[in-house]
Amino acid sequence: MLKIFTILRLVGTVMKKSLPIIVIVVLVIIGIIYITTKNSSNSNMQGMHMMNGSSMQGMDMGDKQSAAQSNRTYTYTLQLTSSTSNLQPNQQTTITYKIVDDQGNILKDYALDHTKLMHFIVVRKDLQDFQHIHPDFNKNTGEFRIPVTFPEIGTYRLFADFTPANGQKDAQGDILSVTPYKDVNVGDITKYTPQAVTPDTQTIKTVGDFQITYTLPQPLQANKSATITAHVTKNGQPVTDMQEYLGALAHGILLKQDTLDFAHLHDMGQMGSGSMQGMSMQNMNTGNAKITNTGPNITFTYSFPSSGVYKLFTQFEEQGNVITTDYTMQVQ
Ligand SMILES: [Cu+2]
């Protein structure tokens, strides 16, 4: 017993004596970790700045690789450069904007994404008045420019949907596409009463001469892969002459009520329910997409991240016209 006590006391003494040393060692280790991690992120930005004086002038291969290699995910904001203080309904206005990364640099290098550098989605926050349009781009200034007409008064969300060219990957390892947004007020919004976003009870929607019949799982549940099919007929006849639209058979912009969570879905138009079979990313993005499925069914597969009310805007092209249909659904 005494022996144990002696040993313990001995250990205690040693510990007391070496404690300061242990603390110092730990601090040094923390310091090293901190410095090494800090150095690795700084070097990219410095590289970008240093390389060409004025930041972001045409990102070269080095930047693309360093961003991808560093696995550092940049975040981006939509910076409006035109005034939006006096937007009026039914008056065309030119919106200009730039995309700025989290280091304050203007993004000028974009990957072609479904044949476009930038997809611009405009929607009133009650999910009315949806527009999917494509701005002009000035690579020298990094500025996008687009004429927009807001049909009614209200608060609108402007989404900039694009893929940075730096090859960043998202958590799933897919090429990262990002969708920063800005809200703008149009007209006297004190007179604006948002419309209710009510789930559709009818499965058939009519747009001009088109009837679109929706089939979806009942009940629609969150975090479960769901297949949504839109069967398209025109004057009662199945539409089988759909054309490639922006590198796909159809695009689906899915927006959640209130939060306006955004998802961009595609039916790639390949036989075998919307799969990518026989479709290269290259073709998809450069518009050389050869769709083999030309209708009458459009299919999207999606796993809703949370319960709530969602509105799906589906767009396809037929005889040179882009048709937009929508369907509002309740997800449990
Ligand atoms: Cu687009």
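As shown above, the structure is provided for reference.
Here is a short report on the structure shown in this document. A quick note: this is a predicted structure, and the numbers were derived from the prediction, not measured. (Residues numbered from 1 in each chain as written. Predicted model: local features only at pLDDT ≥ 70, side-chain atom pairs only at ≥ 80, totals over all residues. Heavy atoms only, no water.)

This part is about the sheet that holds strand β7 (residues 143-148). The four strands lie next to each other as β1-β2-β7-β6, forming an open sheet whose pairing is antiparallel. The strands lining the two open edges of the sheet, one partner per strand, are β1 (76-80) and β6 (136-138). When the angles between neighbouring strand axes are averaged without regard to direction, this sheet yields 30°. Strand direction decides the pairing type here: strand β2 (residues 93-101) and β7, joined by six bridges, are antiparallel. Within the sheet, the bridge partner assigned to Ile95 lies in β7 and is Ile146. (Pairing = 2+ DSSP bridges. Helix = DSSP H or I, 4+ residues; strand = E, 2+ residues; numbered from the N terminus. Axes fitted to C-alpha atoms, helices over the stretch in contact; angles between N-to-C directions.)

According to the stated counting rule, one finds 15 aromatic pairs in the structure shown. For the pair Phe130 and Phe313, a centre-to-centre distance of 4.2 Å together with 5° between the ring planes defines the contact as stacked. Residue Phe130 is located in the loop between β4 (119-124) and β5 (131-133), and its partner Phe313 is located in strand β19 (residues 308-318); the two are separated by 183 residues in the primary sequence. The exposure class assigned to Phe130 is buried, which follows from its relative accessible area of 14%. By relative accessible area, Phe313 is classed as buried at 3%. Aromatic rings pair up to connect Tyr76, Tyr97, Tyr110, Phe120, Phe137, Phe144 and Phe162 into one cluster. It is Arg157 that lies over the ring of Tyr181; its NZ or CZ is 3.8 Å from the centre. (Phe/Tyr/Trp six-rings, centres within 6.5 Å; stacked < 30°, edge-to-face > 60°. Buried < 20%, exposed > 50% of the residue type's maximum accessible area, 1.4 Å probe, protein only. Lys NZ or Arg CZ within 6 Å of the ring centre and 35° of its normal.)

Put simply, the ideal angle at a metal is 109.5 degrees for four donors in tetrahedral geometry and 90 or 180 degrees for six donors in octahedral geometry. Of the protein atoms, only His119 (ND1), His132 (NE2) and His134 (NE2) coordinate the copper ion, at distances of 1.8 to 2.0 Å. Binding-site remark: the copper ion is held by donors from one chain whose sequence spacing is H-x12-H-x1-H. A residue pair is termed long-range when its members are at least 10 positions apart, and His119 in strand β4 and His132 in strand β5 qualify at 13 residues. (Donors = N, O, S within 2.8 Å, 3.2 Å for Na, K, Ca; no water.)

A word on the pairing of strand β17 (residues 262-267). Of the two faces of β17, only the one carrying Ala263, Leu265 and Asp267 is buried; Phe262, His264 and His266 on the other face are not. Sheet topology note: the strand β16 (residues 250-256)/β17 ladder contains six bridges and is antiparallel. Directly across from Ile253, in β17, lies its bridge partner His264. Between β16 and the antiparallel strand that follows it, β17, lie five residues; Asp258 among them carries a positive phi value of about 70°.

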